Amino acid sequence: MATDTVYDLAVIGGGPTGLTAAIYAARAEISTVVLEKAIAGGQIQNTMAVENYPGFPEISGAELAERFHEHAKKFGAQVRTATVQGITHDGYLTLNTDTGAIHARAVLIATGAHWKRMGVPGEEEYIGRGVSSCAVCDGFFYRDKEVVVVGGGDSAVEEGMYLTRFARKVTIIHRRAALRAQKILQERAKANPKITFQWNSVVKEVLGNGTSVTGVRIANVLDGSETDLPADGVFVYIGMRPNTSFVQNTVELDPEGFVKADCCFRTNVPGVFAAGDVRSGAWRQIITVAAEGALAVREIEYFLAEEQLTEAEELWRSRRGEATRM
Ligand code: NAP
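Cut-offs applied
For every chain, the first residue of the written sequence is number 1, and numbering continues from 1 onward in sequence order. The model is predicted, so local features are restricted to residues of pLDDT at least 70 and side-chain atom pairs to those at 80 or more, both for listing and for counting; the totals for chains, interfaces and linings are taken over all residues. Only heavy atoms go into the side-chain values, all of them from the structure, while hydrogens and water stay out. The term salt bridge refers to a pairing of a side-chain nitrogen on Lys or Arg with a carboxyl oxygen on Asp or Glu at a separation within 4 Å. Only protein chains enter the area calculation, which uses a 1.4 Å probe; residues under 20% of their type maximum are buried, those over 50% are exposed, and those in between are partly exposed. Secondary structure elements are taken from DSSP: a helix is a run of H or I of four residues or more, a strand is a run of E of two residues or more, and numbering for both begins at the N terminus. Any two strands are treated as partners once DSSP identifies two or more bridges connecting them. The convention used is that axes are lines fitted to C-alpha atoms, helices contributing only their stretch in contact, and that angles between N-to-C directions extend from 0 to 180 degrees.

Once that is clear, we can look at the pattern of salt bridges. In this structure the tally under the stated criterion is 13 salt bridges. For Arg117, the salt bridge identified is with Glu124, shortest N-O distance 3.7 Å. Owing to a relative accessible area of 36%, Arg117 belongs among the partly exposed residues under this scheme. According to the relative accessible area criterion, Glu124 is exposed, its value standing at 55%. Arg217 serves as the salt-bridge partner of Asp228, at 2.7 Å between the closest nitrogen and oxygen. Note that Asp228 is positioned in strand β14 (residues 226–230) and Arg217 in strand β13 (residues 213–220), a separation of 11 residues in sequence. Overall, the relative accessible area of 41% leaves Asp228 in the partly exposed class. Where salt bridges share partners, they join Asp8, Arg105 and Glu307 into one cluster.

A few words on the sheet that holds strand β12 (residues 201–208). Judged by pairing direction, the sheet is antiparallel, and its 3 strands sit side by side in the order β12-β13-β14 without closing on themselves. Edge positions in the sheet fall to β12 and β14, since each has one partner strand and no second. In this sheet, neighbouring strand axes are inclined to one another by 25° on average, regardless of whether the strands run parallel or antiparallel. In this structure, β12 lies alongside β13, joined through 7 bridges in antiparallel fashion. Bridged to Leu207 within β13 is Gly215.

Purely geometric stuff here, so don't read any function into it on its own.
Here is the structure:
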């Protein structure tokens, strides 16, 4: 049993879900700590322009993240830098982190997801030397150069458009002949003279000269033919993988590794909740994952209230000499 501080709620992850949860929890006077391994804000830190967060017709991801962060701190949530390595249960829930143990009555897993890799030769070798998944971080290096973007979802199309600010040519390589991205983004990309599409194609290899990327070898999925496309940069946006390795033996995960949670954001472990990008089945938009943070806190409040009732009932029974409930 823990003898030092026990928070009502420990939120793992300082992205839109975790910070929204912190705002709602702190305003409900639930003692809350948010643990973030890098900088608060999560993936949106890397988004150049957010256009679909109500109230902000256009705001950079970094600024929105900073506003979430400041907002959570204003209401008293503690935001700490720590990497959580695992969760154990010993009366209270204990988070084992690289900066020591943290105890809480409830835990919200809001660790989000990271970019998937293609898993082709040359990809790992040229990360940071031409292969990237952050147009905002690296786009600047491709002024007047040619880049390829892999993927057909919102990220590939949005980031491809962003890259046209710098690159003279952006080729979007997609494995089908129809994009998955929202129609408005598709129309903008198709109207952009710097963007061309390589349909029904997959990257087989990232090509380089030992120092930097020189192109990609692509294969047409319909006839198997292979072509080398020259490129100075390769931006990979083929979806996300969940950040769940630290709980893979603790909570139930779906086959892709996302945390399984019920409609009340409860995992299979009592007191452990999951919300946002990391949750199996989540719709991964800033507005929806932020809302999940708020909804999860409502369920956590019920959980904490029930726990208190149970504790009070057990105390009352023990004072009367009755057996305690299990
Ligand atoms: P996504 O929607 O999962 O799209 C991934 C894309 O990569 C798909 O087009 C998929 O092809 C392709 N792909 C997957 N595995 C591949 C592989 N091994 N090789 C080649 N291509 C592969 O991922 P996302 O674009 O990162 O978006 C993630 C979530 O964030 C979505 O819910 C999206 O709506 C949201 N998002 C929203 C915004 C916004 O609202 N402004 C911006 C960015 C992201 P198929 O189409 O054939 O499956």
